[in-house]
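# A closer look at the structure
Listed here are the chains, written in short residue letters.
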Amino acid sequence: MVDRDRKHQMRASHEDLVAAKTAPDNPQTRSPAFRLAFDDPEFLCRDDLRPVRLQLEILKPEMILDEQGIKSTIVLFGGARIPEPAKHHQARTKTLSDLSKYYEEARLFAKKITLKSDGYTNVIVTGGGPGVMEAGNRGAHDAGGRSIGLNIVLPHEQSPNSYVTPELCFNFHYFALRKMHFLMRASAICIFPGGFGTLDEMFESLTLIQTGRMEPVPLLLFGEAFWRSIINWDALADSGTISEKDLELIKFVETADEALEAINKW
């Protein structure tokens, strides 16, 4: 009954859209005021409509993921600039070239997770772009499974990679809502070397778990040497700005198999 009512409402709205576009051409129908509110981009982009846009970015992915039966996810965060090993010589720095091994580990990890998934639980989700994100979606594709891409509109580095399942490929304007969707179904969070975006996602996840706003899940950092070189974790505990126990929220791993073992032991 609910599905039938929803289809009826969608059909009625679509018919109104068609009718509005076939109205006689005159000064009245050409006026922006005449446009249907839900078919008026200029109106929807007004500052006053920000609450509506926020709600839409919450609802659209949530409704589609529900319709697709996605129950839980494994999150992969990581740098967009990390190349696949075959293209490591194209990296602009030696460090990025060396980090290309994590592209392969992300791909292998996603493949192994997907092979064990029923397509509805522990579905791989990435930011949908290049680098580590591509590796995650590619691994799921290698396994013949589905994966999610949560893209965001940026001036550079962000367009959907070709391995994201098309019906699970989303696009966001608001970073905050994108991060919320990353974590709403997360049963594990795997973080590969990356830049500002990856750091932002990592600390958001850690803060939510630390403060009890999110249920604890395995939070795995691939590449201990990288993470210890850019963050002095022990100094945070020694200074008292975090507790020693907070350091237990993270676990360092190097390979896909180590990550799988850590998740299985959780």
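These remarks concern the structure in this document. (Residues numbered from 1 in each chain as written. Predicted model: local features only at pLDDT ≥ 70, side-chain atom pairs only at ≥ 80, totals over all residues. Heavy atoms only, no water.)

### Looking at the nonpolar core
In this structure, Phe 109, Ile 148, Ile 189, Leu 221, Trp 227 and Trp 233 are the most contacted members of the largest nonpolar core, which totals 58 residues. Top element by residues in this core is helix α6 (residues 100–116). It accounts for six residues. Aside from chain neighbours lying at most four places away, what touches Trp 233 is Met 202, Leu 206, Leu 221, Trp 227, Arg 228, Ile 242, Leu 247, Ile 250 and Phe 252. (Core = buried A, V, L, I, M, F, W, Y, C linked by side-chain atoms within 4.5 Å. Buried < 20%, exposed > 50% of the residue type's maximum accessible area, 1.4 Å probe, protein only. Helix = DSSP H or I, 4+ residues; strand = E, 2+ residues; numbered from the N terminus. Contact = heavy atoms within 4.5 Å.)

### Observations concerning unusual backbone geometry
Even without glycine at this site, Asn 122 takes up a positive phi of about 50 degrees. Here Asn 122 shows up in the loop between α6 and β2 (123–126).

### Some thoughts on helix α12 (residues 256–265)
Side chains three or four residues apart in an α-helix point the same way, a direct result of the helix having 3.6 residues per turn. Turning to α12, its buried residues number three or more, namely Ala 256, Ala 259, Leu 260, Ala 262 and Ile 263. What you see down the axis of α12 is that its buried residues fit within an arc of 160 degrees, all on one side. In α12, the exposed residues that point more than 90 degrees away from the buried face are Asn 264 and Lys 265. Next to the buried residues of α12 lie α6, β5 (186–191), β6 (219–222) and β7 (251–253). (Arc of directions from axis to C-beta.)

### Focus on the pairing of strand β4 (residues 169–172)
The two faces of β4 differ: Phe 170 and Phe 172 on one face are buried, but Cys 169 and Asn 171 on the other face are not. Judged from the four bridges that link them, strand β3 (residues 147–152) and β4 form a sheet pairing that is parallel. The residue of β4 that forms the bridge with Gly 149 is Cys 169. (Pairing = 2+ DSSP bridges.)

### A short note on the pattern of salt bridges
Applying the stated rule across the entire model yields 18 salt bridges. A salt bridge links Arg 35 to Glu 42; the shortest N-O distance between them is 3.7 Å. When its relative accessible area of 34% is taken as the criterion, Arg 35 is described as partly exposed. For the salt bridge of Arg 50 with Asp 47, the shortest nitrogen-to-oxygen distance reads 3.7 Å. (Salt bridge = Lys/Arg side-chain N within 4 Å of Asp/Glu carboxyl O.)

### Overview of the packing of α6 against helix α7 (residues 132–142)
For any two helices packed against each other, the geometry comes down to the angle between their axes and how far apart the axes lie. Between α6 and α7, whose axes approach to 7 Å, the crossing angle comes to 35 degrees. Crossing angle aside, the handedness with which α6 passes α7 is right-handed. Contacts from Tyr 103, Ala 106, Arg 107, Ala 110, Lys 111 and Thr 114 of α6 reach α7 at Val 132, Glu 134, Ala 135, Gly 136, Arg 138, Gly 139, Ala 140 and Asp 142. When the residues that make up the contact of α6 with α7 are grouped by side-chain class, the tally is six nonpolar, three polar and five charged. (Axes fitted to C-alpha atoms, helices over the stretch in contact; angles between N-to-C directions. Left-handed = near helix turned anticlockwise from the far one by under 90°. Nonpolar A, V, L, I, M, F, W, Y, C, P; charged D, E, K, R; others polar.)

### Remarks on the environment of Asp 66
Locating Asp 66 in the fold gives a position in helix α4 (residues 50–67). Separated by 19 residues in sequence, Asp 66 and Pro 85 place their C-alpha atoms 36 Å apart. At 2.6 Å, the side chain of Asp 66 and the side chain of Arg 185 are in polar contact. (Polar contact = N/O pair within 3.5 Å; in protein donor to acceptor, adjacent residues only side chain to side chain.)

### Observations concerning the side chain of Asn 137
Along the polypeptide, Asn 137 turns up in helix α7. Overall, the relative accessible area of 0% leaves Asn 137 in the buried class. Reaching out from Asn 137, the side chain makes a polar contact with the side chain of Thr 126 at a distance of 2.6 Å. With sequence-adjacent residues up to four places away left out, Asn 137 is seen in contact with Thr 126, Gly 128, Ser 147, Ile 148, Asn 161, Tyr 163 and Val 164.

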